[in-house]
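Residues per chain, in single letters:
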Amino acid sequence: MRTGLPSVPLGRVRGIGVGAHWSTIVAVLVMAQVVAVSVLPRTAPGHPASAYWVAGVLAALVFMLSLLAHELAHALTAQRFGITVTRIDLWLLGGVSRLSSPPRAPRAEFLIAVAGPATSVVVGVLAGAAGTVLAAWGAPALVVSPVLWLAVTNGVLAVFNLVPAAPLDGGRVLAAAVWWRTGDERRGTAVAAVAGKAFGLVLAAAGLAQVFAGAVSGLWLVLLGAYLVVSGAAEQSAGEVRHRLGGLLVRDVMTADPMIAPGWWTVRSFLRGLVSGPHRRVFPVVSFDGTVLGVVSLAELARVDDPLTTRISDACRALPDVPVASPEEPLLDLLARTPLGRDRDVVLVLRGPNLAGVVGPEDVAWALELSRSVPIEHHEVTS
């Protein structure tokens, strides 16, 4: 599954940042509880609860490593197709791979999707073989049972992820198949998204039935079903966005020659110089010689303690902490690496060292609105 979540960085693998969302702790505790309370007392009786919990926590942590291997398989396969993977995050309901851009061919979509479940199958087989060998060697059940649990859990993970419903891996396989069959990526995404929402509703209904029957564990099915419904709708919306904005370059939607904030001005002088009327809330900041320094928002200027003497250059968010783009960069690539969802989000568009324009949420919204009625054409820039 792919989404966006804030996380704690854990390191890097092949240039890919790896992190864990705080909800990963909940996942580990829940799995440890299942192993310690439900599995081991049946398969390895006669041990104290503390031993079960130690084994359960270790099994849960190893499972999270296998989940990371699942996501790394997606990421490394994507890299083989020239897609940059910015990071991998673990969270409550699984793993998240952040790709800089979607696959550009159904074959790439298919292979990236199946890489994860295939890895889970391999891990499950290896764990099953290891458990069998350990049992044959006479290892205690307290050791063998968690290993066999890992084998079964990875098998279940692979099978569940192959359900043809977005955003599961099987949904991406379905989307790739429809895309290959029809030549229409948009149709493939829509079919997988509808399947995802339907499957999510089924899971949520099954979970509610369990809850009403007295099984509190049904809440997990409700949570997972709700996630699939919301994610399926998001997949469909994202597919529409890709269809409408596909082929556009940054220069097609950017605001050229935006109002700038002179870095050598004081905050008070700049604010007093703003005329009434609609304008952006975020301004590019340039030096006296025209060098681009960064950006500053009205909200940031309003928080300056001493606007009378503080210069704009001292209050701005300076490069390289501000995202930049080239006028010739595909718009979808920019949106994949730099989501624009807040008023203070803005991308500086640079042509060499010079400011060519800016792209903010309102520019993307304008492009989407316009694309509903008329196609947006590329604007050739010769200067």
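Note that the structure is predicted; figures quoted are calculated from it, not measured. (Residues numbered from 1 in each chain as written. Predicted model: local features only at pLDDT ≥ 70, side-chain atom pairs only at ≥ 80, totals over all residues. Heavy atoms only, no water.)

(A) Up close: the overall build of the chain. Looking only at helices and strands, one finds 13 helices and twelve strands in the chain. Here the C-alpha coordinates of the chain stretch approximately 80 × 55 × 45 Å along the principal axes. A buried classification covers 45% of the 383 residues belonging to the chain. In the chain, of all internal contacts separated by at least 6 residues, the share reaching a separation of at least 24 is 65%. When the 29 basic and 26 acidic side-chain charges of the chain are each reduced to a single mean position, those positions are 6 Å apart. (Helix = DSSP H or I, 4+ residues; strand = E, 2+ residues; numbered from the N terminus. Buried < 20%, exposed > 50% of the residue type's maximum accessible area, 1.4 Å probe, protein only. Contact = heavy atoms within 4.5 Å. Lys, Arg positive; Asp, Glu negative; His and termini not counted. Charge placed at Lys NZ, Arg CZ, Asp CG, Glu CD.)

(B) The sheet that holds strand β2 (residues 16-20), seen in detail. Taken in spatial order, the four strands of this open sheet run β1-β2-β3-β4, and their pairing is mixed. The two strands at the open ends of the sheet, each matched to only one other strand, are β1 (8-13) and β4 (94-99). Along the sheet, successive strands turn relative to each other by an average axial angle of 20°, direction set aside. As paired strands, β1 and β2 are joined by five bridges and run antiparallel to one another. (Pairing = 2+ DSSP bridges. Axes fitted to C-alpha atoms, helices over the stretch in contact; angles between N-to-C directions.)

(C) Representation of the environment of Gly225 within the structure. By the element assignment, Gly225 lies in helix α7 (residues 218-245). Between the C-alpha atoms of Gly225 and Val364, which are 139 residues apart in sequence, the distance is 31 Å.

(D) Looking closely at helix α2 (residues 49-80). With 32 residues, α2 should reach 46 Å at 1.5 Å per residue; the first-to-last C-alpha distance of 47 Å fits that figure. Gly82 sits one or two residues past α2 and shows a positive phi near 80°. (Expected span 1.5 Å × (residues − 1).)

(E) Looking closely at helix α5 (residues 169-182). For α5, spanning 14 residues, the distance from its first C-alpha to its last is 20 Å, which sits close to the expected 20 Å at 1.5 Å a residue. Residues Asp169, Gly170, Gly171, Arg172, Ala175, Ala176, Val178 and Trp179 constitute the buried set of α5. The first or second residue beyond α5 is Gly183, which carries a positive phi of 75°.

(F) Local environment of the side chain of Thr77. One can find Thr77 in helix α2. On the basis of relative accessibility, which here comes to 17%, the residue Thr77 falls in the buried class. Only 2.7 Å separates the side chain of Thr77 from the backbone oxygen of Ala73, close enough to count as a polar contact. Those residues in contact with Thr77 that lie beyond four places of it in its chain are Leu111, Ile112 and Ala115. (Polar contact = N/O pair within 3.5 Å; in protein donor to acceptor, adjacent residues only side chain to side chain.)

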